There are 2 protein chains.
Amino acid sequence: MKKLINAVDDVIKEQLQGMAAAHPELRVNIDPHYVVRADAPVQGKVALVSGGGSGHEPMHGGFVGEGMLDGACPGEVFTSPTPDQIYECAKAVNSGAGVLLIVKNYTGDVLNFETAVEMAHAEGINIQSILIDDDVAVKDSLYTAGRRGVGGTVLAEKIAGGAAAAGYDLARCADLCRKVNQYARSMGMALTSCTVPAAGRPTFELGDDEIELGIGIHGEPGIERTKLKPVDEIVETMAAAIIDDGAYTRTVREWDNDDGVWVEKTLTDEPFKAGDQVIAFVNSMGGTPVSELYAVYRKLAEVCAARGLTIVRNLIGPYITSLEMQGCSITLLKADDEILKCWDAPVKTPGLRWGM
Amino acid sequence: MKKLINAVDDVIKEQLQGMAAAHPELRVNIDPHYVVRADAPVQGKVALVSGGGSGHEPMHGGFVGEGMLDGACPGEVFTSPTPDQIYECAKAVNSGAGVLLIVKNYTGDVLNFETAVEMAHAEGINIQSILIDDDVAVKDSLYTAGRRGVGGTVLAEKIAGGAAAAGYDLARCADLCRKVNQYARSMGMALTSCTVPAAGRPTFELGDDEIELGIGIHGEPGIERTKLKPVDEIVETMAAAIIDDGAYTRTVREWDNDDGVWVEKTLTDEPFKAGDQVIAFVNSMGGTPVSELYAVYRKLAEVCAARGLTIVRNLIGPYITSLEMQGCSITLLKADDEILKCWDAPVKTPGLRWGM
């Protein structure tokens, strides 16, 4: 295992210390691990918190800042943060206007974020959580019941962040975040595995001429292991899976602040249709350079045009990674006026910045 | 070789087509290859042009835009652009206020940019070129007489770009760019090799437990091949080489527009000293994720503090890459008020953006 690290046990702590040194506009708490805006809590503003296993940087800690997250709780690599950790982070950013948790759909994350919701509620914090489950590749995979939360999370954090900065209240932030998830679909692929520091060896084996389509962000199996193909063929397969995805239905649990109970909601995503405007997000898994992402985008733009989808914004780069894995993911998000307005709003974080 | 590409011969063209599709604010010319601001030439503004072999993205094409470059000429992977290509690009961005070429010190680049200068001069274009040679690792390496141009190039492009946007004339832009080069020092290291598409196999061999200190951005040999070490030791070695570098002297050729001749200048860099303010740039070679760069930054900040250097700005991420090579480089730039003002100025490019 070759990485720029010291002792395996110190990896996350030292990366967070580096982040703290580089970004005085953030406050990094080491025990438990969380990252918040240095000016948190921001009076009158709904606070957004996300988190999950480390190894996906810049997500989530790199998205803390003006116009995006108020706080992020990184677990160990590919390991959920603890309920205490999430609760402490939520408490640190709550101004009284409420806290929205953005949770990727992995069983451990869901459990721990739900416990944190109950802890925060018991302390009188208005809290809601929205589940992100945008990965069309597989259902009920390793670590997950239902679909996995992937690239749509980055878009949800930016858009909900823009809304919170614009003064949306907690319920409206949650509604918008839920809508973004329902409008977003993603799929990933890997050229290589990645190596979790504590494991010291690749998470999975992939032949010298093989790729994995539909890979998860922790190296979970995808839908097809195949011989290496030209990028155009790979993108056609991924884009078709996203664009042709049907009316996906699932039941999620959301917290009712008034009654202090979980309520079940059945949500059905509307398929893409010709004439839709979309935000196109081409993401590096960490080890693939941006030059190759442009080859992906080239074909994606062709496919979208042929299918009647108009790309009105794009994001291209390493934003939700799997350590040094080589590969990419594609996310398409149907973009209405509200989503576009919140997307275009200024943002100033280590990982995403424009307008300030 | 596993990459997200189609035919090897089409790699650069298709990546540029993807860039064109993603960024309507740029104009991409396919034959010869160059990327310019869509609104070029910008009346009254000095135009900045850089270029070099492809494979270092986002440098240089990703730095074309408001507040940075007006144009970039990408050669084939790790291959200099041709004089014609550079000349055509310079002509496309020249508003009459003159063109500054920012040239990394590689023998092929220097020759071809010099020829382009003479071609542009013959057409009546006011033109100057500044050489970047900031790599303290080695002198007279493969492809280079003198020191190589590396991370300082990114900083020079941003700072000269801020100056040009602020209305500096050609001579002042050139003076500032030369100063940035004289104030900047860099060193790189590799955990892995990279694979040039046309070669189809790794540029060099590195054992499973080996790293190369002082690596060049084309995989040129460095100063030491050693066993893998903790990141803190690696950073100490690199930072010491940069901070302790002496008064480097070389003779460069610069173009005299009035007389239409090359003149030789002997330039001596001033060493860093305690009390200096610096911009610290921690760069990924392409395959190393940002999480590991934060571990590098953590130690770099410690070393700088211990040596009396105050880091006043930082840049952390993949900005001057070597395809999918794993590793990093460190650049320190002594920052005076003029440099800081131009660094902080707004920039809007695919690869670097703030303030707009």
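Everything that follows concerns the structure shown earlier in this document.
Note that the coordinates shown come from a computational prediction; the quantities given were computed from them, not determined experimentally. (Residues numbered from 1 in each chain as written. Chains lettered and ligands numbered in written order. Predicted model: local features only at pLDDT ≥ 70, side-chain atom pairs only at ≥ 80, totals over all residues. Heavy atoms only, no water.)

> Lay out helix 6 (residues 231-243) of chain B with the relevant residues and their values.
Residue and element names in this part refer to chain B. Helix length check: helix 6 (13 residues) gives 18 Å between terminal C-alpha atoms against 18 Å at 1.5 Å per residue, within 8%. For helix 6, the full list of buried residues reads V231, D232, I234, V235, M238, A239, I242 and I243. In an axial view of helix 6, the angular spread of the buried residues amounts to 155 degrees, which keeps them on one side of the axis. If you follow the buried residues of helix 6, they end up packed against strand 7 (184-190), strand 8 (210-213), helix 7 (290-306) and strand 14 (327-334). (Helix = DSSP H or I, 4+ residues; strand = E, 2+ residues; numbered from the N terminus. Expected span 1.5 Å × (residues − 1). Buried < 20%, exposed > 50% of the residue type's maximum accessible area, 1.4 Å probe, protein only. Arc of directions from axis to C-beta. Contact = heavy atoms within 4.5 Å.)

> Pulling in residues and values, what's your account of the relation of the copies chain A and chain B?
Screw-axis analysis of chain A against chain B gives a translation of 0.0 Å along the axis, an RMSD of 0.0 Å, and a rotation angle of 180 degrees. Considering both components of the superposition, the chain copies are consistent with a two-fold axis. The C-alpha atom lying nearest the rotation axis in chain A is that of G287(A); the distance is 2.0 Å. Most of the interface of chain A is mirrored in chain B, where 100% of its interface residues are also at the interface. (Least-squares fit on C-alpha atoms with pLDDT ≥ 70 in both.)

> Provide a residue-level description of the pattern of salt bridges, including the pertinent values.
Residue and element names in this part refer to chain A. In total, this model carries 54 salt bridges over all chains according to the counting rule given. Across the pair R178 and E254 runs a salt bridge, and its minimum N-O distance is 2.7 Å. Taken together, the positions of R178 in helix 5 (residues 170-183) and E254 in strand 10 (residues 249-256) put the pair 76 residues apart, joining distant regions of the chain. In this structure, the salt-bridge partner of K273 is D276, at a minimum N-O distance of 3.3 Å. Since its relative accessible area comes to 45%, K273 is described here as partly exposed. For D276, a relative accessible area of 5% puts it in the buried group. (Salt bridge = Lys/Arg side-chain N within 4 Å of Asp/Glu carboxyl O.)

> So, the packing of aromatic side chains: which residues are in play, and what are the values?
Aromatic ring pairs are defined here through the distance separating the ring centres and the angle between the ring planes. Tallied over the entire structure, the rule returns six aromatic pairs over all chains. Between W343(A) and W354(A), the ring centres sit 5.2 Å apart and the planes meet at 55 degrees, which makes this aromatic pair tilted. In this pair, W343(A) sits in helix 8 (residues 337-344) while W354(A) sits in strand 16 (residues 353-354), placing the two residues eleven residues apart along the sequence. Across the pair, exposure class does not vary: W343(A) and W354(A) are buried alike. Between R147(A) and the ring centre of Y248(A), over which it is positioned, the NZ or CZ distance is 3.8 Å. Over the aromatic face of Y168(B) sits the side chain of R172(B), whose NZ or CZ is 3.8 Å from the ring centroid. (Phe/Tyr/Trp six-rings, centres within 6.5 Å; stacked < 30°, edge-to-face > 60°. Lys NZ or Arg CZ within 6 Å of the ring centre and 35° of its normal.)

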